[in-house]
Amino acid sequence: MRDLRDWIALLEREGELARVSVEVDPDLEITEIVDRTVKAGGPALLFERPKGSSHPLLINQFGTERRMCLAFGVERLDDIAQRLEDVLELQPPQGLVEKVKGLKRLKSIADSMPKTVSRAPVQEVVLTGDDIDLGRLPIQRCWPGDPAPFITLPAVITADPRTGTRNVGMYRMQVIDRSSTYMHWQIHKDGRADLLAAEDGRIPVAVALGLDPVSAYSASAPLPKHIDEFMLAGFLKGEPVELVHARTVDLDVPANAEIVLEGWVAKDEVGLEGPFGDHTGYYTAAEPFPVFRLSAMTLRRDAIYPSIVVGKPPQEDAWLGKATERIFLPALRLTVPEIVDYDLPVAGAFHNCAIVSIRKAFPGHARKVMHAVWGLGMLSLTKCVIVVDAHVDVHDYAQVTFYVGANVDPARDVVLSEGPLDHLDHAPERQFVGGKLGIDATAKLPGEGARPWPEEIEMSAEIKALVDSRWSEYGLESGPSAAAGVTRHSSSPLRQLLRR
Ligand SMILES: Cc1cc2nc3c(=O)[nH]c(=O)nc-3n(C[C@H](O)[C@H](O)[C@H](O)COP(=O)(O)O)c2cc1C
Ligand SMILES: [Mn+2]
């Protein structure tokens, strides 16, 4: 998919899009409609007549697992991770066949690099000076306590002033007036680091709105600073992101975007951003953030404005987070190979809790993994880490609760540590730092100060096979697979809610 239009067409063909043709107010009204739609597992919504704007508004494009899979062209989100794993696990090839396979994989990386093009639909209309007007766009005010409209689904493009490396991040932007916004670069994020590295005190910034879904997702991906998020997008799409040079700043922008905002952010110009009804489920208090001053606004004549609402989970962003959880599993395993799987519960707003299963091999192993998680990229902000054994399904919260209850002696198996916390976490006494909780719910080894560990109850394979084969004789209603499925693969109510 090259652009948002290909994506909207696909959604429509798949029965995943509803058009709302009556006039609807981007001030709060859209939020309430979307909140109900997301919670009901409903379709993406294209508001054709947002009040006060001639541009349609697309929202809830990511709101279900099915749409997320359609966006990536996969059956299950785990299939995306498989492609990454193939590249990450690249070993020196043995025979000729292996060598050819290896070259193909390397080629898939080479083909991921963004390429520059000359045709740019996003520059059909170029507005500068007094013609710049954010008021043309149907920017939502999401929650009653928000003081202004916020741009919520942007891909914010900067370059590291020292190396020139591109960064793309999703950071909300509170509208100040027709040609300026705040830039919500949290303390741990790459965009802020680019600004801090500027020797002359300011950096050019470009904001792309309305991208193909994979490029839009990639702006939210927590890549290491020196990796360009558009390269990840190209790899995941299987075709490069097409870029064109911006009109008033020295940056490249997606040629097929719907809208691009160009401008500057300076270190010494800050103002009070917020409060904002946030993905934590609370209003984040007003805090100083830098101002983004527009030097140009370029767009397609009939540009479609993309938006998202965050709030008390689950909201649409749940599936952006789940995509990240799945896509980054191979990278996580590369550094901590004993990790089998992990789950970041949506209700834990992603940074509050991580459940990790490991192939436990030695005393203290669960503690090693907790500290690894607290030392890895954005996962380092995780407040609570629960470690379980390899056979436990980390996505089944009932199973996890069982082992947390049954296997844990709080006097021995709970680790209290300290470290950096998420920018938005309101609970710690001091912002940005506070406590960490580790719960070791693995079976304990003799070397870990446990009495002989009892055996878990499990029916023998022979009896299971016998009952399977005789099931129809018993005259019971549910089939053998259904009966067996209840114990082994039950999913948590939250996952079922998100699946609907
Ligand atoms: C819908 C949505 C809104 C977000 N808003 C912000 C934000 O306002 N500020 C921020 O620092 N991160 C925000 N994030 C998280 C960042 O996009 C994410 O941490 C990303 O990795 C940042 O890019 P970076 O690693 O290049 O800094 C948001 C994520 C999503 C999905
Ligand atoms: Mn980055």
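Residues numbered from 1 in each chain as written. Chains lettered and ligands numbered in written order. Predicted model: local features only at pLDDT ≥ 70, side-chain atom pairs only at ≥ 80, totals over all residues. Heavy atoms only, no water.

(A) Molecular detail of the pattern of salt bridges. With the rule as written, the count across this model stands at 40 salt bridges. For Glu-338, the salt bridge identified is with Lys-368, shortest N-O distance 2.5 Å. Of this pair, Glu-338 sits in the loop between α10 (329–335) and β19 (339–343) while Lys-368 is found in helix α11 (residues 365–373), placing the two residues 30 residues apart along the sequence. Among the charged side chains, a network of salt bridges with common partners joins Asp-78, Lys-322, Glu-325, Arg-326, Asp-341 and Asp-343. (Salt bridge = Lys/Arg side-chain N within 4 Å of Asp/Glu carboxyl O. Helix = DSSP H or I, 4+ residues; strand = E, 2+ residues; numbered from the N terminus.)

(B) Seen up close, the site of ligand 1. Around ligand 1 sit 17 residues in total, of which Met-170, Tyr-171, Arg-172, His-184 and Asp-190 are the nearest. Between an oxygen atom of ligand 1 and a side-chain N or O atom of Asn-167, the distance comes to 2.9 Å. Note that an oxygen atom of ligand 1 is positioned 2.7 Å from one of the backbone N or O atoms of Met-170. Sorting elements by how many residues they give to the shell around ligand 1 places strand β8 (residues 166–169) first, with 3 residues. (Near = heavy atom within 4 Å. Polar contact = N/O pair within 3.5 Å; in protein donor to acceptor, adjacent residues only side chain to side chain.)

(C) Fine view of a nonpolar patch on the surface. A grouping of Met-459, Ile-463 and Leu-466 is seen on the molecular surface, where their side chains present a nonpolar patch of about 270 Å² in accessible area. On the secondary structure map, Ile-463 appears in helix α14 (residues 461–470). (Patch = residues over 30% accessible without salt bridge, like charges linked within 9 Å, V, L, I, M, F, W, Y side chains within 5 Å. Areas by Shrake-Rupley, 256 points an atom, 1.4 Å probe, with all protein chains shown as cover.)

(D) Up close: the sheet that holds strand β20 (residues 353–358). Taken in spatial order, the 5 strands line up as β19-β20-β21-β23-β22 in an open sheet, and their pairing is mixed. In this open sheet, the two strands that pair with only one neighbour each are β19 and β22 (414–420). Taken over all neighbouring pairs, the strand axes of this sheet differ in orientation by 25° on average, direction set aside. With 7 bridges connecting them, β22 and strand β23 (residues 433–440) associate as antiparallel partners. For Glu-418, the partnering residue across the bridge sits in β23 and is Gly-435. (Pairing = 2+ DSSP bridges. Axes fitted to C-alpha atoms, helices over the stretch in contact; angles between N-to-C directions.)

(E) Summary view of the packing of aromatic side chains. Within the structure shown, the criterion is met by 5 aromatic pairs. Arranged with centres 5.5 Å apart and planes meeting at 70°, the rings of Phe-72 and Tyr-217 form a pair that is edge-to-face. Of this pair, Phe-72 sits in helix α3 (residues 65–72) while Tyr-217 sits in helix α7 (residues 213–218), and the two are 145 residues apart along the sequence. Across the pair, exposure class does not vary: Phe-72 and Tyr-217 are buried alike. Relative to Phe-276, the ring of Phe-150 has its centre 4.4 Å away and its plane inclined at 45°; by these criteria the two rings are tilted. One end of the pair, Phe-150, is in strand β6 (residues 150–151); the other, Phe-276, is in strand β15 (residues 276–277), with 126 residues separating them in the sequence. This pair shows no difference in class: Phe-150 is buried, exactly as Phe-276 is. The positively charged end of Arg-83 is found above the aromatic ring belonging to Phe-235, 4.8 Å away from the centroid. Residue placement shows Arg-202 over the ring face of Trp-264; its charged tip is 3.7 Å from the ring centre. (Phe/Tyr/Trp six-rings, centres within 6.5 Å; stacked < 30°, edge-to-face > 60°. Buried < 20%, exposed > 50% of the residue type's maximum accessible area, 1.4 Å probe, protein only. Lys NZ or Arg CZ within 6 Å of the ring centre and 35° of its normal.)

(F) View of the side chain of Thr-181. Within the secondary structure layout, Thr-181 lies in strand β10 (residues 180–182). Residue classification places Thr-181 among the buried positions, given a relative accessible area of 0%. In this view, Thr-181 contacts Leu-134, Met-173, Gln-174, Val-175, Ile-176, Pro-290, Val-291 and Phe-292; residues no more than four positions away in its chain are not counted. (Contact = heavy atoms within 4.5 Å.)

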